[in-house]
Amino acid sequence: MLSPEFGHFTLALACCLAGAQCLIPLMGAKVKNSRLMALASPLAWGQFLALTLAFACLVTAAVTDDFSVQNILQNSAVDKPLLYKITGVWGNHEGSILLWAFILAFFGAIVSAYSQHLPLSLRAKVIAIMGGSAAGFELFCLTTSNPFLRVWPAPLDGQGMNPLLQDPGLAFHPPILYMGYVGFAVPFAFAVAALLEGKVDAAWGRWVRPWTVLAWALLTCGIALGSWWSYYVLGWGGYWFWDPVENASLLPWLTGTALLHSALVVEKRESLKIWTILLAIGTFSLSLSGTFLVRSGILNSVHAFASDPARGVFILLLLAVISGGALLLFAWRAPTLTSTGIFAFFSREGSIVLNNILLCTMSAVVLTGTLYPPFIQLINGQTLSVGKPFFDNALIPIALFLFLVMAIGPVIAFKKGNIKQTAKILGFAACLSISNVVIAFLILHQIIPALASSLCIWIILSACSDFIKHIALFKTSISNSYNRIIGLPRSFYATYIAHIGVAITILGIIGMAASQQKIVEVPIGTTIHLAGYDWTLTNVDDRQGPNFISTEAVIKVSKNGKPITWMLPSRRFFDRQKQVITNVAIHTNLMSDLYAVLGDSKNSTQTTPLFVLRLHYNPLAPWIWIGGFIMAIGGFITLTDRRFRVGTPANRKRIKEV
């Protein structure tokens, strides 16, 4: 039953249902026909079911080695492990677009299930807009990126998967990253629906915030996993290389973070309405732009999919229709959205405005650095390279100011803050942070890392100070403080958990700036000294893998004569692709990483072979990814807050008390 033809049919059916999901509810809203508007939900579920069957057909073809399907032929092989046969479904252009459409349909179905309490007109428009977006990607699949194309005659074996993608990280990174990208389609749909309705209020802010938080948390996880994958698979020894496709994921994360904070102001004060709508449109537009950059061929990247120009043109047109249409609607209807809430400059709202300006400025810098080289090449054919020095010099000053605001903002009251009260809460934390600048400078011998580390500590200490103030620690009884702890809303904890996660990630980045490395060419039995450790190459063996031959080194690491660990870096040769990749060995104690890479072996004029080793000592490296996942945990905790599910008067009273 789950044949490629059936998959192609269900994909076409999903496209038709998505088109109906877009047009019929909008028509019903136009003529105020409740029956037509009510069709939005069943159409969304129908589209999701059809795409589920289509995706299942492609997975079945991969698992059963159906090499008559061109996609399976080009990306799989008989000897490929089962896990990678499944994950290889989205490890290519056609499969990844189908996955994108599937996730978009999934979000549409979930929105329809969890939006029963919304006004019927708004609900119909939100689901319709998501249907229109899904129809565009499904049409893209059917026309230029069909994953079910057949070949004849069918070969007995396939060409295999890109060995770089044959890694467990691939099983989780792309789907989670795509869920983050596609998740921002929900705030986008709410924003466009609000423009059509001509109404944005506190209720709208409360509806849109959970979806924004969910998308942001998933995108954070996806970026963290991708960074970790680059660290341990590519063997470069770093965590971020300002690769254009890496930047494509960072851009919606930055604007999505700004959207997250703006939606809070809409919910609390009914202010920043226009700003929030624009951020919702801009964030999803940047998610779509990332898809265009990856598949248009205008960027060179280890992450980019090879593609023909027709695909890039189609996505560019889709981007123009979705984002351009939304921006035109924004230009027409935004002036009607007036803010009713008034706030002072020194207030929680004021700090969020400043926070958003800084985040959007960083996004503009990253976008400029990413697009400027291909733009110049298009204009005059000149090849330019914009790399780490540009991004570091342009972004670090903005980031330092942002960290300063991050520590102060959550402590200030809404509407109008009290400077003396805020200074009282943060005074002790400020003194410790300022003192740390001197200590950090003596250790690191660089002012920028010293200042950044102190600001990270400032963020953590300010969170602790505000928590102590809220539970009245040392000012009331232990039982009363405990009651205050359990009485605080989960979103209060989530805010500080996410901010502390940012601080931990930055501390990890600062630690990596002090990393040490050596590249040596040595025979077996040689000991290398690095960062107080003794690295001894004890042996090099060849091993047979499932679909590769591995040359594996055995390195004994000791310190002061005491064995620490055995490390097994290797190089894997995939005969089918005639490609060699490195398999990095990492030993971590969560405070630092020992990192070893095996290079090419070389034959000297003597009988003893020499082996190239690249050895790294990376202090605080694990904190980069630990901090990323702590940020995401903060987002997921926010979703459990009762205020997102029930907007009762009791909840509102509790919010004010906090």
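The structure presented is a predicted model; accordingly, all values stated were derived computationally and were not measured. (Residues numbered from 1 in each chain as written. Predicted model: local features only at pLDDT ≥ 70, side-chain atom pairs only at ≥ 80, totals over all residues. Heavy atoms only, no water.)

Secondary structure summary: the protein chain contains 21 helices and 10 strands in total. Its C-alpha radius of gyration of 27 Å places the protein chain within 12% of the 26 Å reference for a compact globule of 658 residues. When its C-alpha atoms are laid out on the principal axes, the protein chain stretches across 85 × 70 × 55 Å. By the burial criterion, 55% of the 658 residues in the protein chain qualify as buried. In the protein chain, of all internal contacts separated by at least 6 residues, the share reaching a separation of at least 24 is 73%. Summed over all atoms, the accessible surface of the protein chain reaches about 28,500 Å², with 67% contributed by carbon and sulfur. (Helix = DSSP H or I, 4+ residues; strand = E, 2+ residues; numbered from the N terminus. Rg over C-alpha atoms; globule rule 2.2 N^0.38 Å. Buried < 20%, exposed > 50% of the residue type's maximum accessible area, 1.4 Å probe, protein only. Contact = heavy atoms within 4.5 Å. Areas by Shrake-Rupley, 256 points an atom, 1.4 Å probe, with all protein chains shown as cover.)

Across soluble globular proteins, nonpolar side chains show a tendency to be buried alongside one another. Core analysis: the largest hydrophobic core is formed by 162 residues, its most contacted members being Phe-190, Trp-204, Ile-277 and Phe-403. The leading source of residues in this core is helix H10 (residues 202-233), at 16 residues. Leave out the neighbours within four places in its chain, and Ile-277 touches Ala-191, Ala-194, Leu-195, Val-200, Trp-204, Phe-330 and Leu-337. Listed in part, the 20 residues of the second largest apolar core include Leu-530, Leu-598, Phe-611 and Tyr-617. (Core = buried A, V, L, I, M, F, W, Y, C linked by side-chain atoms within 4.5 Å.)

Think of an α-helix as turning once every 3.6 residues; residues three or four places apart then point the same way. The end-to-end C-alpha distance of helix H17 (residues 447-471) is 36 Å, a good match for the 36 Å that 25 residues give at a rise of 1.5 Å each. Of the residues trailing H17, Ala-472 is marked for its positive phi of about 55°. (Expected span 1.5 Å × (residues − 1).)

Residues Ile-396, Val-438, Ile-439, Phe-441, Leu-442, Ile-443, Ile-447 and Ile-448 make up a contiguous nonpolar surface patch of roughly 750 Å² in combined accessible area. Breaking the nonpolar patch down by element, the ones donating at least two residues are helix H16 (419-444) and H17. The element best represented in the nonpolar patch is H16, accounting for 5 residues. As for its placement among the helices and strands, Val-438 is situated in helix H16. (Patch = residues over 30% accessible without salt bridge, like charges linked within 9 Å, V, L, I, M, F, W, Y side chains within 5 Å. Salt bridge = Lys/Arg side-chain N within 4 Å of Asp/Glu carboxyl O.)

Looking now at the packing of helix H14 (residues 348-380) against helix H15 (residues 388-408). Contact geometry of H14 with H15 gives a least axis separation of 10 Å together with a crossing angle of 170°. The orientation of H14 with respect to H15, classified from their angle, is roughly antiparallel. Between H14 and H15, the contacting residues are Ser-351, Leu-354, Asn-355, Leu-358, Leu-359, Thr-361, Met-362, Val-365, Val-366, Gly-369 and Thr-370 on the first element and Phe-390, Phe-391, Ala-394, Leu-395, Ile-398, Ala-399, Phe-401, Leu-402 and Val-405 on the second. Tallied by class, residues from the contact of H14 with H15 come to 15 nonpolar, 5 polar and no charged. (Axes fitted to C-alpha atoms, helices over the stretch in contact; angles between N-to-C directions. Parallel < 35°, antiparallel > 145°, perpendicular 65-115°, else oblique. Nonpolar A, V, L, I, M, F, W, Y, C, P; charged D, E, K, R; others polar.)

Next up on the list: the pattern of salt bridges. Applying the stated criterion to the full structure yields 11 salt bridges. For Glu-5, the salt bridge is made with Arg-150, and the minimal N-O distance between the two is 2.8 Å. Of the two residues, Glu-5 sits in helix H1 (residues 4-31) while Arg-150 sits in the loop between helix H7 (120-143) and helix H8 (173-183), which places them 145 residues apart along the sequence. Residue classification places Glu-5 among the partly exposed positions, given a relative accessible area of 44%.

A few words now on the side chain of Arg-123. Inspection of the secondary structure assignment puts Arg-123 in helix H7. One buried charged residue, Arg-123, forms no salt bridge at all, with the nearest opposite charge on Glu-197 at 13 Å. (Lys, Arg positive; Asp, Glu negative; His and termini not counted.)

The subject of this paragraph is the packing of aromatic side chains. Evaluated as defined, the whole model comprises 27 aromatic pairs. With centroids separated by 5.0 Å and ring planes inclined at 20°, the aromatic side chains of Phe-140 and Phe-314 adopt a geometry described as stacked. Within this pair, whereas Phe-140 is found in helix H7, its partner Phe-314 is found in helix H13 (residues 309-333), the two being separated by 174 residues in sequence. In terms of burial, Phe-140 and Phe-314 fall into one category: buried. (Phe/Tyr/Trp six-rings, centres within 6.5 Å; stacked < 30°, edge-to-face > 60°.)

If you check helix H9 (residues 185-197), its first and last C-alpha atoms are 18 Å apart, about what 13 residues at 1.5 Å a residue would give, namely 18 Å. Across the 13 residues of H9, 11 count as buried, placing the element largely inside the fold. Buried within H9 we find Ala-185, Val-186, Pro-187, Phe-188, Ala-189, Phe-190, Ala-191, Val-192, Ala-193, Ala-194 and Leu-195. In the stretch just after H9, Gly-198 is the one whose phi turns positive, near 75°.

Next up on the list: the pairing of strand E3 (residues 533-544). Both strand E2 (residues 527-530) and E3 contribute to a ladder of 4 bridges, which runs antiparallel. Along E3, the bridge assignment pairs Leu-530 with Tyr-533. Between the antiparallel neighbours E2 and E3 lie 2 residues, among them Ala-531 with a positive phi of about 55°. Bridging between E3 and strand E4 (residues 549-559) involves 10 bridges; their strand directions are antiparallel. Across the sheet, residue Val-540 finds its bridge partner in E4, namely Ala-553. (Pairing = 2+ DSSP bridges.)

The subject of this paragraph is the environment of Ile-24. Positionally, Ile-24 belongs in helix H1. Ile-24 sits 525 residues away from Ile-549 along the chain, and the two C-alpha atoms are 57 Å apart. Not counting residues up to four positions away in its chain, the partners in contact with Ile-24 are Leu-36, Leu-39 and Leu-43.

A cis amide bond links Trp-152 to the next residue, Pro-153, at an omega of 0°. By the element assignment, Pro-153 lies in the loop between H7 and H8. Here the phi dihedral of Leu-272 falls at roughly 60°; this positive angle occurs in a residue that is not glycine. By the element assignment, Leu-272 lies in the loop between helix H11 (244-269) and helix H12 (273-296). The backbone phi angle of Ala-472 is positive, close to 55°, even though this residue is not glycine. Its location among the elements puts Ala-472 in the loop between H17 and helix H18 (478-487).

With that settled, the discussion passes to the environment of Phe-9. By secondary structure assignment, the location of Phe-9 is in helix H1. Given the relative accessible area of 52%, Phe-9 is considered exposed. Taking C-alpha positions, Phe-9 is 58 Å from Phe-346, a pair spaced 337 residues apart along the chain.

Looking now at the confidence of the model for the protein chain. Considering every residue of the protein chain, the mean pLDDT works out to 88; 95% of them sit at 70 or more. Across residues 647-658, where pLDDT falls below 50, the model places 15 contacts with residues more than four positions away in sequence or in other chains. (pLDDT = per-residue confidence, 0-100.)

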